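Geometric and topological summary
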Amino acid sequence: AKNKRGNYYQLYKENIQRMDNRALEMETKLYKAIHQDLLELHYQPKIDIKSNKMIGMEALLRWHDSELGQIPPNKFIPIAEESGLICDIGEWVLRKASLQIKQWKEQYGLNLRVAVNISPTHFEEPCFIDRLKSIIEETNVEPKNLEIEITELSMMHYNNELINKIKKLKDLGLTISIDDFGTGYSSLSYLKNFPVDTLKIDRSFIVSMIDGDSNIAMVSAIISLAHALKMNVVAEGVETEYELEILKKHHCEFVQGYYFSKPLCVSDFNRFLEDNR
Ligand code: C2E
Ligand code: CA
Ligand code: CA
Ligand code: CA
């Protein structure tokens, strides 16, 4: 028995170490990827449900490592969060997206809004606004072309500081979306205190609509709530005609999802823009 316990412990220790090593390896690689410009942004269109026109896009981070291959954001964002790299990543994304907005404006006369995902940890940094301001100045992007997506999670422990931060963003001319709405289990009362522009209904709600009327009623209630608070609604992860039709019927204004387009790299996006000119 003693032996066995020893073995279990040994195994446990090795596993922990292996996990640590892998996380550490990824962290080191990620650090290099940020500073050697090995990350990439893909862009997914947001579509006006009535006109079928593109009204903007969301920038989504992609990381390809020569040894580890393609690593999905759901894997490396948590590591970045824990190691503090997330602020560097967030700033890289803001800068990159801002430069792309300018590029598209010059190349195609495109004047759309690009949304960038900002992690709660980064958003809560006291210097977030000042750093954002300097990125805006440095890249010369028009703030009205920039949107910040923050998850409902960021809103959970809301206080005056958070409200002031959102107000500052608005004063700068940016717009703000609440991401993954409905998954945070937070109190709804925060919504009316925040001057946010858009609410993004989490994909899990959209997927669930096929399972029955009560799920559709949920989505419909979220849309009504948003409208009552003078917010727009984006439905996330729309894949089917069925989902699109129900959302249309319940007065959702914008959709995003594979039904219209996957997130595209810049060269594919440019081709898409040229084809739809
Ligand atoms: P998110 O912000 O909720 O982004 C939407 C995710 O859904 C993206 O996954 C997108 O590719 C995917 N998606 C879009 N349409 C569909 C669809 O029709 N069906 C399905 N099944 N999926 C769809 P992705 O790119 O893998 O990103 C996952 C998450 O990683 C994001 O969720 C976001 O939380 C995080 N993330 C991505 N880029 C960044 C970034 O630059 N910064 C930060 N902080 N987080 C990021
Ligand atoms: Ca998002
Ligand atoms: Ca989302
Ligand atoms: Ca999500």
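Bear in mind the structure is a predicted one, so any value in this text is a computation, not a measurement. (Residues numbered from 1 in each chain as written. Chains lettered and ligands numbered in written order. Predicted model: local features only at pLDDT ≥ 70, side-chain atom pairs only at ≥ 80, totals over all residues. Heavy atoms only, no water.)

1. As for the layout of surface pockets
In this structure, the largest pocket spans a volume of roughly 1,200 Å³. Contributing to the lining of the largest pocket are 42 residues, with Glu58, Leu60, Asn74, Asn117 and Asp179 lying nearest its centre. Contributions of two or more residues to the lining of the largest pocket are made by β1 (39-48), β2 (54-65), α2 (73-83), α3 (85-108), α4 (120-124), β5 (146-151) and β6 (175-181). A per-class count over the lining of the largest pocket returns 17 nonpolar, 13 polar and 12 charged. (1 Å grid on protein atoms, 1.4 Å probe; cavity = no way out; pocket = protein on both sides within 12 Å on 5 of 7 lines; lining within 4 Å. Points joined across faces, edges and corners; volume = space filled by probe spheres on them. Helix = DSSP H or I, 4+ residues; strand = E, 2+ residues; numbered from the N terminus. Nonpolar A, V, L, I, M, F, W, Y, C, P; charged D, E, K, R; others polar.)

2. Regarding the coordination of the calcium ion (ligand 4)
Donor atoms from the polypeptide that bind the calcium ion (ligand 4) are Asp180 (OD) and Asp180 (OD), placed at 2.8 to 3.1 Å. Metal-to-metal, the separation of the calcium ion (ligand 4) and the calcium ion (ligand 3) is 3.5 Å; Asp180 coordinates the two. Mapping Asp180 onto the fold places it in strand β6. (Donors = N, O, S within 2.8 Å, 3.2 Å for Na, K, Ca; no water.)

3. Some words on the pattern of salt bridges
Tallied over the full model, the rule gives 16 salt bridges. Linking Glu149 and Lys200 is a salt bridge whose minimum nitrogen-to-oxygen distance equals 2.8 Å. Taken as a pair, Glu149 in strand β5 and Lys200 in strand β7 (residues 198-201) lie far apart in primary sequence, 51 residues in all. In terms of burial, Glu149 and Lys200 fall into one category: buried. Residues Asp268 and Arg271 are paired through a salt bridge, measuring 3.2 Å at the closest nitrogen-oxygen approach. Taken together, the positions of Asp268 and Arg271, both in helix α11 (residues 266-275) and three residues apart, correspond to about one turn of that helix. Accessibility expressed as a relative area gives 48% for Arg271, which makes it partly exposed. A network of salt bridges, in which partner residues are shared, links Lys46, Glu58, Glu147, Glu149, Lys200 and Glu236. (Salt bridge = Lys/Arg side-chain N within 4 Å of Asp/Glu carboxyl O. Buried < 20%, exposed > 50% of the residue type's maximum accessible area, 1.4 Å probe, protein only.)

Geometric values such as these leave the question of function open.
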